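Fold and contact review
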Amino acid sequence: MQKGIEEYFKMINGYVPVFTSFEGSIYEMELTRAAVHSFATHVSKLKPEINGSGNEMLERKLQYKPNPLMDTKKYLYRLATIYMVDNNVFIAPLYDKYFNINGYYPLLSSRTKVVTEDGVKYLRYDFGLGSHGAVELINAGLMNQFQYNDELYGSSNCVLQPTLELINTQNQGIIEGVKNSASIRFMGKIAQTLKPKDLKEEKQRFMEDNLSAENNGGILLFDSKYEDIKQIDSKPFVVNPIQMSQIKESVFTYFGTNENILQNKFTSDQWNAYYEGKIEPFAIEASLVHTNMTFNERQIAYGNQIIFTANRLQYLSNSEKLNTVTQLFDRGFITHNQGLEIFNMAPVDNGDTRYIRKEYAITDNYSKEGDDNNGTGQDDTAKIITSTELATGTEED
């Protein structure tokens, strides 16, 4: 059956974009993963220290290799990553043959389960590959955030789902825009009556002759069967910069970070703000959790504790470092080696001694010469206090 049409329009090599919904965790999106990675990287530079006597072996384990699979950097990085992605991270203590803690292992919350046996709560966990373990919940560690609905677990990141959908749609829009711009679209006008079969064959012939890779001369030719061949100007929708900025700000606000932190181009003031807002709270919680799961109340009362510290002065500019070290060193606040650490230099022997300048005077003993308003009749000249006197609490005549 012939198709009695004198003018027939047909799209050639058309492309219709398809958008799908986002299904995945925050770790599956580039921007959110970058925020998590940045936080975990900075956390991995924290230095664990143990106060109290008799903890030298455990401190060495914690500072170098908390468990057989991870060194300290990997341990802290994974601890922080799980903390940000799941809002919950359990820490399982590892014991030696004498049932003393000699290591720590971070656990995915999705691989843990709290069970009750004979009135005692246990944390049951899965190491993977069919390996399981369990420990009394009171002996395990738990770090979380956004804790509201549950006594143990923090809330999920579901509130970020609309932003993730926007990011996903934005990325797909860019991809579809590239596809549209890369594909050649034409509309051909045929002023003849053709059978459907003939029309299909003619379209295939036109594509092979003009739109294939073999036609690399950039010239499109057609005969009198076509009255007009027009290229369709496709303008795919792409999220504008203002919308992209708003989406980024939503992510930055949720994770408490900014673009300068993610791209490692922050100033010392920006770093201090990020440290106090994100790194320091995590370090405090990690210190409390590790302390409470390692020591009993009596040991804590005697000063045993685990703390995670960071040398924030390393992020100053070179001029700020020089000024800070100069001011702190000759006042006895830092040692030679601590000053070297600020400049990322190796320590030296006998570098842990503190020094102090000798021209300081006690302000209570200072008054102008000849001023006897105090009525004591004592010598009113300023007393020079040496470092020895400060250390021993004595004063030389």
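**What about the overall build of the chain?**
Of the regular secondary structure elements, the chain holds twelve helices and eleven strands. Within the chain, the proportion of its 397 residues that are buried is 32%. The long-range share in the chain, meaning contacts at least 24 apart out of those at least 6 apart in sequence, stands at 61%. Carbon and sulfur atoms make up 52% of the accessible area of the chain, which totals about 25,300 Å².

**Some remarks on the packing of helix α1 (residues 30–43) against helix α8 (residues 268–294)**
In contact at an axis separation of 11 Å, α1 and α8 are set at 80° when each is read in the N-to-C sense. Our classification of the angle between α1 and α8 gives roughly perpendicular. For the pair α1 and α8, the contacting residues are Ser38, Phe39, His42 and Val43 in the first and Trp271, Tyr274, Lys278, Ile279 and Phe282 in the second. Each residue belonging to the contact of α1 with α8 can be placed in one class, and the counts come to six nonpolar, two polar and one charged.

**Topic: the layout of surface pockets**
Approximately 560 Å³ is the volume found for the largest pocket. Sorting the residues of the lining of the largest pocket by element identifies α2 (56–64), β4 (101–108) and α8 as the ones contributing at least two each. Its residues assigned to classes, the lining of the largest pocket shows eight nonpolar, nine polar and three charged. For the second largest pocket, the calculated volume is near 400 Å³. Lining the second largest pocket are 14 residues, with Lys45, Lys47, Ala310, Asn311 and Glu341 sitting closest to its centre. Counting only elements with at least two residues in the lining of the second largest pocket, the list comes to β2 (47–51) and α8. Of the residues forming the lining of the second largest pocket, the biggest block, three residues, is contributed by α8. When its residues are assigned to classes, the lining of the second largest pocket shows six nonpolar, four polar and four charged.

**Some points on the pairing of strand β11 (residues 305–309)**
Residues Ile306 and Phe308 of β11 are buried on one face, while the alternating residues Gln305, Ile307 and Thr309, pointing to the opposite face, are not. Taken together, the five bridges between β2 and β11 define a ladder with antiparallel strand orientation. If you follow Ile50 over to β11, its bridge partner there is Ile306.

**As for the side chain of Thr257**
Residue placement: Thr257 occurs in the loop between α6 (241–255) and α7 (259–262). In this structure Thr257 comes out as buried when scored by relative accessible area, which is 10%. When sequence neighbours within four positions are dropped, the list of residues in contact with Thr257 reads Ala35, Phe252, Leu262 and Tyr274.

**Topic: the packing of aromatic side chains**
Where two aromatic rings form a pair, the distance of their centres and the angle of their planes describe that pair. Throughout the structure, instances matching the rule amount to ten aromatic pairs. Their ring planes at 80° and their centres at 5.4 Å tell us that Tyr254 and Phe255 sit as a pair that is edge-to-face. The exposure class assigned to Phe255 is buried, which follows from its relative accessible area of 3%. Ring pairs connect the aromatic residues Phe266, Trp271, Tyr274 and Tyr275, which therefore count as one cluster. Here the basic side chain of Arg33 rests over the ring of Tyr27, its NZ or CZ set 4.2 Å away from the ring centre. Above the ring of Phe39, the side-chain terminus of Lys278 is found at 5.3 Å from the ring centroid.

**Focus: the sheet that holds strand β8 (residues 141–144)**
What the three strands build is an open sheet, ordered β4-β3-β8; its pairing is antiparallel. A strand with exactly one partner marks an edge of an open sheet, and here the two such strands are β4 and β8. Recorded for the sheet is a direction-independent mean angle of 25° between the axes of neighbouring strands. Here four bridges tie strand β3 (residues 88–95) to β8, and the two strands are oriented antiparallel to one another. Its bridge partner lying in β8, Asn88 is registered against Asn144. On top of the sheet, α8 reaches β3, β4 and β8; it is set at about 165° to β8, its chief contact.

**Considerations on the confidence of the model for the chain**
Within the chain, residue pLDDT values average 77, and 70% of them lie at 70 or more. Segment residues 1–22: pLDDT under 50, and 60 contacts once partners within four positions in sequence are set aside and those in other chains are kept. In this model residues 373–385 is a low-confidence stretch, pLDDT under 50, and it forms 23 contacts with partners more than four residues away in sequence or in other chains.

Conventions and cut-offs
Residues numbered from 1 in each chain as written. Predicted model: local features only at pLDDT ≥ 70, side-chain atom pairs only at ≥ 80, totals over all residues. Heavy atoms only, no water. Helix = DSSP H or I, 4+ residues; strand = E, 2+ residues; numbered from the N terminus. Buried < 20%, exposed > 50% of the residue type's maximum accessible area, 1.4 Å probe, protein only. Contact = heavy atoms within 4.5 Å. Areas by Shrake-Rupley, 256 points an atom, 1.4 Å probe, with all protein chains shown as cover. Axes fitted to C-alpha atoms, helices over the stretch in contact; angles between N-to-C directions. Parallel < 35°, antiparallel > 145°, perpendicular 65-115°, else oblique. Nonpolar A, V, L, I, M, F, W, Y, C, P; charged D, E, K, R; others polar. 1 Å grid on protein atoms, 1.4 Å probe; cavity = no way out; pocket = protein on both sides within 12 Å on 5 of 7 lines; lining within 4 Å. Points joined across faces, edges and corners; volume = space filled by probe spheres on them. Pairing = 2+ DSSP bridges. Phe/Tyr/Trp six-rings, centres within 6.5 Å; stacked < 30°, edge-to-face > 60°. Lys NZ or Arg CZ within 6 Å of the ring centre and 35° of its normal. pLDDT = per-residue confidence, 0-100.

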